[in-house]
Amino acid sequence: MSLGFRVSGRIGKPVAEVFDAVVNPNKLSGYFTTIGGASAPLVAGAKVVWWGKVPVEVDEVEKDNRIVLRWDATDADGKPAYKTRIEMNFEPLDDGGTFVTIAEAGWHEDALGLKKSYLNCEGWSQMLACMKAYVEYGINLRDGYYRSEMKGEPASEDNI
């Protein structure tokens, strides 16, 4: 067994628009990967870079439905030790909105794995809030909100 979590929320826009806000690097960079951006669209088999330094492997993309990613989990020295798996699901709602669920799993069951999973849970929760503001209202919540953003740095566990 490994550590994992799931966060979810409603975005008041159609699923195609919400899905595009994640796979389109220009849109993703408008609310999530704001410093350093996203290097390319999310397409199955691609390797992209977020925040100018974080490698992300795109395993699956089912248009307007699901995205599966993998990225490095680090060891105590900050070196990549293994990968965690992120699954994003996009559910169209009867009211025209979209229910987004993000699950990440795969951390080792130790103190470091627990700490890193909590940090990423916080990060994905923030991503959903930022996506809602951006997609529904065109607002970048990250601008000046997080310590990292105030310093012009991508977020890390030392500056959030």
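Fair warning: this is a prediction, and the values are worked out from it, not measured in the lab.

S.K.: So what exactly am I meant to see when it comes to the pairing of strand β2 (residues 47-50) here?
M.R.: Each regular strand carries side chains that alternate between the two faces of the sheet. Taking every second residue as pointing to the same face, the buried face of β2 carries Val48 and Trp50, while none of Lys47 and Val49 on the other face is buried. Pairing of β2 with strand β3 (residues 54-62) involves four bridges; the strand directions are antiparallel. What sits directly across from Val49, in β3, is Pro55. Counted between consecutive antiparallel strands, the loop separating β2 from β3 contains three residues, among which Trp51 sits at a positive phi close to 60 degrees.

S.K.: Is there a simple way to explain a nonpolar patch on the surface in this structure?
M.R.: Among the surface-exposed residues, Tyr137, Ile139 and Leu141 lie close enough to one another that they form a single nonpolar patch of about 320 Å² accessible area. With respect to the helices and strands, Ile139 occurs in the loop between α3 (111-137) and α4 (147-151).

S.K.: I keep staring at the sheet that holds β3 and nothing clicks. Help me out?
M.R.: Hydrogen bonds between backbone atoms are what pair the strands of a sheet, whose relative direction is either parallel or antiparallel. The antiparallel open sheet is built from six strands, whose spatial order is β1-β6-β5-β4-β3-β2. The strands lining the two open edges of the sheet, one partner per strand, are β1 (3-11) and β2. Strand-to-strand twist across the sheet, computed as the mean angle between neighbouring axes with direction ignored, equals 25 degrees. Against the sheet, helix α1 (residues 15-23) engages β1, β3, β4 (66-74), β5 (80-92) and β6 (98-107), with an angle of about 160 degrees to β5.

Conventions used here
- Residues numbered from 1 in each chain as written.
- Predicted model: local features only at pLDDT ≥ 70, side-chain atom pairs only at ≥ 80, totals over all residues.
- Heavy atoms only, no water.
- Buried < 20%, exposed > 50% of the residue type's maximum accessible area, 1.4 Å probe, protein only.
- Helix = DSSP H or I, 4+ residues; strand = E, 2+ residues; numbered from the N terminus.
- Pairing = 2+ DSSP bridges.
- Patch = residues over 30% accessible without salt bridge, like charges linked within 9 Å, V, L, I, M, F, W, Y side chains within 5 Å.
- Areas by Shrake-Rupley, 256 points an atom, 1.4 Å probe, with all protein chains shown as cover.
- Salt bridge = Lys/Arg side-chain N within 4 Å of Asp/Glu carboxyl O.
- Axes fitted to C-alpha atoms, helices over the stretch in contact; angles between N-to-C directions.
- Contact = heavy atoms within 4.5 Å.

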